[in-house]
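So you can see what is in the structure, the chains are spelled out below.
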Amino acid sequence: MRPERLELAGFTSFRDRTVVEFEGADMFALVGPTGSGKSSIIDAMTFALYGSVSRYDDTRLVAPVISQGGLEAKVRFDFSVGDVRYSATRVVRRTKTGATTKEARLERRLPGAEGTEVLAGNADELGGAVGEILGLGFAEFCKCVVLPQGEFARFLHDKPRVRQDVLVGLLDLRVYDEMGQRARRRASESEHEIKVIDDRLARLAAATPANLAALDARIDCLEELRERVDDIEPRLADLAETMRRLEHEAAEAQRDIDALCGLVLPAAPAGRGVGDAGEAFAAALAAVSTAEEHEQASRTALDAVPPRAESEHLLRLHTELRSVREEAGKGAAVLAQLEARAGDAERTRDEAEAAAERTAEAYEAVLRQDLAHTLRAGIEAGDMCPVCGARVDELPASDAPEELAVAKRARAAAAEAARHAARACNDAGVSVERARSEAEQAARRAEEIGAQLADTPDEETLHGRVSARVEAEKALHEAAGILESARTARDAAEADLTAAKAGVTAAWAVFDAARDSVARLVPPPVDRDDLGAACTALAAWSQHTAGSLRESAERIRRDVERVAAARENLVTELREACADAGLTPGARPRDTCVEALTEARMQRDSISDQIEEAERLRTTRATAVEAQAVAASLGRLLGSKAFEKWLVDAALARLVAAAAGVLRRLTNGQYSLARDERGDNFTVIDHQNADEARSARTLSGGETFLASLALALALAEEIRGLAAGGSAKLESLFLDEGFGTLDSETLDVVAAAIEELGAQGTVVGLVTHVRELAERVPVRFEVEAGLDGSRVRRVDT
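Just so it is clear, the model here is predicted, and its values are computed rather than measured.

**Notes on the overall build of the protein**
Next, step 1: The number of helices and strands found in the protein is 18 helices and 15 strands.
Next, step 2: In the protein, which comprises 797 residues, the proportion classed as buried is 38%.
Next, step 3: If you sum the accessible surface of the protein, you get close to 44600 Å²; carbon and sulfur atoms cover 51% of it.

**Focus: the side chain of Ser-67**
Next, step 1: Relative to the helices and strands, Ser-67 resides in the loop between helix H1 (38–50) and strand E4 (72–81).
Next, step 2: Setting aside anything within four residues of it in sequence, one finds Ser-67 in contact with Gly-10, Phe-11, Thr-12, Phe-14, Arg-15 and Arg-94.

**A closer look at the nonpolar core**
Next, step 1: Within the largest apolar cluster, 52 residues are counted, with the highest numbers of intra-cluster contacts made by Leu-6, Phe-28, Phe-79, Leu-106, Leu-134 and Phe-141.
Next, step 2: A per-element tally of this core places H1 first, with 8 residues.
Next, step 3: Those residues in contact with Phe-28, other than ones at most four positions away along the chain, are Phe-22, Phe-734, Val-763, Val-764, Gly-765, Leu-766, Val-777, Val-779 and Phe-781.
Next, step 4: Core analysis: the second largest hydrophobic core is formed by 44 residues, Leu-666, Leu-673, Val-684 and Val-777 among them.

**Points about the sheet that holds strand E9 (residues 671–675)**
Next, step 1: Spatial ordering of the open sheet is given by E9-E10-E11, a layout of 3 strands whose pairing is antiparallel. Two strands in the sheet have a free side with no partner beyond their single neighbour: E9 and strand E11 (692–695). In this sheet, neighbouring strand axes are inclined to one another by 35° on average, regardless of whether the strands run parallel or antiparallel.

**Examining a positive patch on the surface**
Next, step 1: A grouping of Arg-182, Arg-184, Arg-185 and Arg-186 is seen on the molecular surface, where their side chains present a positively charged patch.
Next, step 2: Mapped onto the elements, Arg-186 comes out in helix H6 (residues 174–203).

**Remarks on the pattern of salt bridges**
Next, step 1: Under the counting rule described, the total for this entry stands at 41 salt bridges.
Next, step 2: The residue Arg-490 makes a salt bridge to Asp-491 at a minimum N-O spacing of 3.3 Å.
Next, step 3: Of the charged contacts, one joins Arg-791 and Asp-788 as a salt bridge, the two residues approaching to 3.4 Å between their closest N and O atoms.

**A short note on unusual backbone geometry**
Next, step 1: Of note, the phi angle at Asp-455 is positive, near 65°, even though the residue is not glycine.
Next, step 2: Considering the arrangement of structural elements, one finds Asp-455 in the loop between helix H11 (402–453) and helix H12 (459–517).
Next, step 3: Judged by relative accessible area, Asp-455 falls into the exposed class, the value being 86%.
Next, step 4: The backbone phi angle of Ala-690 is positive, close to 60°, even though this residue is not glycine.
Next, step 5: Here Ala-690 is to be found in the loop between strand E10 (682–686) and E11.
Next, step 6: The exposure class assigned to Ala-690 is exposed, which follows from its relative accessible area of 74%.

**Some thoughts on the layout of surface pockets**
Next, step 1: Reported here for the largest pocket is a volume of approximately 280 Å³.
Next, step 2: Elements with a contribution of two residues or more to the lining of the largest pocket: helix H7 (209–261), helix H13 (531–580) and helix H14 (589–638).
Next, step 3: Taken together, the residues of the lining of the largest pocket break down into 8 nonpolar, 1 polar and 6 charged.

**Describing the sheet that holds strand E6 (residues 98–109)**
Next, step 1: Strand order in this open sheet of 6 strands is E2-E1-E4-E5-E6-E7, and the pairing throughout is antiparallel. If you trace the sheet from one side to the other, it starts and ends with strand E2 (18–21) and strand E7 (116–120), each paired once. Taken over all neighbouring pairs, the strand axes of this sheet differ in orientation by 20° on average, direction set aside.
Next, step 2: Pairing geometry for strand E1 (residues 2–9) and E2, over 4 bridges, is antiparallel. Across the sheet, the residue bridging to Leu-6 is Val-20, located in E2.
Next, step 3: Packing against the sheet, H1 makes contact with E1, E2, E4, strand E5 (84–95) and E6, and its axis sits at approximately 80° to E4.
Next, step 4: Its contacts with the sheet put helix H2 (residues 123–134) on E4, E5, E6 and E7, and the angle it makes with E6 is roughly 45°.

Conventions used here
Residues numbered from 1 in each chain as written. Predicted model: local features only at pLDDT ≥ 70, side-chain atom pairs only at ≥ 80, totals over all residues. Heavy atoms only, no water. Helix = DSSP H or I, 4+ residues; strand = E, 2+ residues; numbered from the N terminus. Buried < 20%, exposed > 50% of the residue type's maximum accessible area, 1.4 Å probe, protein only. Areas by Shrake-Rupley, 256 points an atom, 1.4 Å probe, with all protein chains shown as cover. Contact = heavy atoms within 4.5 Å. Core = buried A, V, L, I, M, F, W, Y, C linked by side-chain atoms within 4.5 Å. Pairing = 2+ DSSP bridges. Axes fitted to C-alpha atoms, helices over the stretch in contact; angles between N-to-C directions. Patch = residues over 30% accessible without salt bridge, like charges linked within 9 Å, V, L, I, M, F, W, Y side chains within 5 Å. Salt bridge = Lys/Arg side-chain N within 4 Å of Asp/Glu carboxyl O. Lys, Arg positive; Asp, Glu negative; His and termini not counted. Charge placed at Lys NZ, Arg CZ, Asp CG, Glu CD. 1 Å grid on protein atoms, 1.4 Å probe; cavity = no way out; pocket = protein on both sides within 12 Å on 5 of 7 lines; lining within 4 Å. Points joined across faces, edges and corners; volume = space filled by probe spheres on them. Nonpolar A, V, L, I, M, F, W, Y, C, P; charged D, E, K, R; others polar.

Take a look at the structure:
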């Protein structure tokens, strides 16, 4: 791990955003007054990577890193491991109960591009990812990479178990545990593989040379059977074809025999009634002709008589004229009576009107005599008086005079009588006018009829014409009936003639149908003039031909029996051959044989493949048994706790030897480092005091710093050679304080050792107050504290 850039804001004394560029600073010093924030820069790198600060007793304590009065602190640390560059960012925020660091991210910067790849998105993921990349947890990092103030001697004074765990992590000795686990897994897998192979070999138990030889023998047998089947089946096919042909011929012969025996001929010729039917039809035609001539004569006679409708119309006019004249005479008498009555009604009306005028005048006279009663009749209580104009609160009691009531009733009766007389007079006038109009209409109608009858025959002549017309119509009707009867008789005679002809045609049709049904047998020729002779000849021919066909059918039957016997013999032979081969021939023996042969060959190939597979499995099983034994043995050896302790002891011995040389150089040969007899704790050999060995816990502060520094420098130099796979990336070492206790000579030795370590490619960072040491470092980061927070300035020398 090599630092490249550190950015922090709100972190301890660094309130404002501060950037520290480590690019090109393979060896640097952080210098400045006490409390300026030098160690906070190392703390910021540790916090960015692991989320904890080594100087705090509780690794979960993060709230103190936030600047006083601030709400959050943010740290971004850019570093590289080999050729891969990373950025770790953490943000810590104050809460009611302390602080939280949930916001965290680890990114890998992609080579040759501006983009990044997020490896971790929260605090837990970030700590795990950093541990995998660096090969160190937080505790190991603080012991071997960052040696904070007061922590130089931790590794020197740790308990053996703790020191062993640190070395196991640093040297990646857990790989041997993983190797043991993998060996045990491989042994288990090998055992499982052996079991699977044994199961498969059990299933392949039938794959033996004996079974293979048996299948070869069966294949030879089936091939011989197939050759016999190939010989028999064509012969069977020929016999089957012969059987089909003979059966077809037998069926044809039987069909012809059935047709000959089933001939249906006309029972009796029907041609003798055609002549009689023809004579009857000729007589009916003559009768129709006579009836038509008589009907035509009757029609001519009818046309000579005037139409009956005209004569009957004139007779009706004569009758109407007599009726009109009688009605006119009666109307004149009625008119005279009505005119007399109308005169009486007029006189009555005049008298009633005069009486009405007289009663009205009498009523007016009585009314004038009692005017006060008349006025009071139209007033009600509350109205204004029509005479004085005062309000009438109460009407005085007053009864109408008796004379006024009598006069009023007399006036009403006289007026009603006058109205009645007027209505009677009016009704009489209407009746007179109606009678006069009817008389005038009768006179005009009589004149019209008279005009129509002028120059026409009299009634007697008209009656004679009507009688003659009736007789002529009757004669025509009788002639039409006779004609209709003649035509009906003619149609019946024609139908009889048609039926007689149809009977003859039908008889020939029956004959022709019977002859056509056996036409393939070539019946004799037919005389179309004599149906009876034709039927007799056809019947005799059918009997003779049927006898010949029966003889032929019998010969065919005997041939069928002979062919069937031959075919049955071949089928029996084929069935026995298949049975000898263990097959049921079925409907298609050759297919059955071929299928059995194919199956036998497939079984033979399968057995052969299984025999080869079994050989391969036995070879594989032997290899698996050997591999299982090796893996199981390795798993047992690597699973022992003693193996890990042996490795740690060997690594620690090498580390102590290297640290002893460093310490001897740092102390000008006075001290070297060793382990006690049990190998659990460190001892210091005092070469200037007869190589006295004493516990490292008895060293003074300065001596302890030198011994711890020797271990740290030796660890940085030896870690690559000691690690199982170069797991821990200890390419950086940060030393915080402790140099003030060294004299100038020792300080020169320490500085030379640090410079040598830097020359080997390790980044060395020092936190010191010692000016002489800081000036020997090529890059200084001067940290200054101010009122607004700390600041950093890089100085390259």
